[in-house]
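# Fold and contact review
So you can see what is in the structure, the chains are spelled out below.
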Amino acid sequence: LVYPSLLGWFVLPLCAWRTIPTYCSHHVDMELYFEKYTKGISYVLGTNFYWLLFKFPAQQWGTVNASMTQCFLDEHLPW
């Protein structure tokens, strides 16, 4: 899966249940853009929805999580 993608909630749990390996590729640093371009409640809602819809499924059910750099990956998905 190429992230950010809403397919994570549908594809990743099924693949984990069927023991099919999954590769999640994170291409956009959404947290950086949220911080730069939103404020207040928009920032809080945006980061919370981002965690719930994108980061959580990748962390929970993704077999391999990859990104542009190792630093970004360590910062973005600390598990």
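Below is a short write-up of the structure.

Analysis parameters
- Residues numbered from 1 in each chain as written.
- Predicted model: local features only at pLDDT ≥ 70, side-chain atom pairs only at ≥ 80, totals over all residues.
- Heavy atoms only, no water.
- Pairing = 2+ DSSP bridges.
- Helix = DSSP H or I, 4+ residues; strand = E, 2+ residues; numbered from the N terminus.
- Phe/Tyr/Trp six-rings, centres within 6.5 Å; stacked < 30°, edge-to-face > 60°.
- Buried < 20%, exposed > 50% of the residue type's maximum accessible area, 1.4 Å probe, protein only.

## Brief notes about the sheet that holds strand 3 (residues 64-67)
In spatial order, the strands read 1-2-3; together these 3 strands make up an open sheet with parallel pairing. What marks the edges here is a single partner per strand, and that holds for strand 1 (2-3) and strand 3. In the sheet, strand 1 pairs with strand 2 (residues 23-26) via 2 bridges, with the strands oriented parallel. Bridge pairing in strand 2 links Val-2 to Ser-25.

## A closer look at the packing of aromatic side chains
Applying the stated criterion across every chain, the model contains 7 aromatic pairs. Measuring from ring centre to ring centre gives 5.3 Å for Trp-9 and Trp-61, while their planes differ by 75°; the resulting arrangement is edge-to-face. Residue Trp-9 is found in helix 1 (residues 8-17), and its partner Trp-61 is found in helix 3 (residues 41-61); the two are separated by 52 residues along the sequence. Residue classification places Trp-9 among the partly exposed residues on the basis of a relative accessible area of 31%. Taking the relative accessible area as the measure of exposure, Trp-61 reaches 24% and is therefore partly exposed. Pairing Trp-51 with Phe-56 gives two aromatic rings, centres 5.3 Å apart and planes at 50°, and the pair type is tilted.

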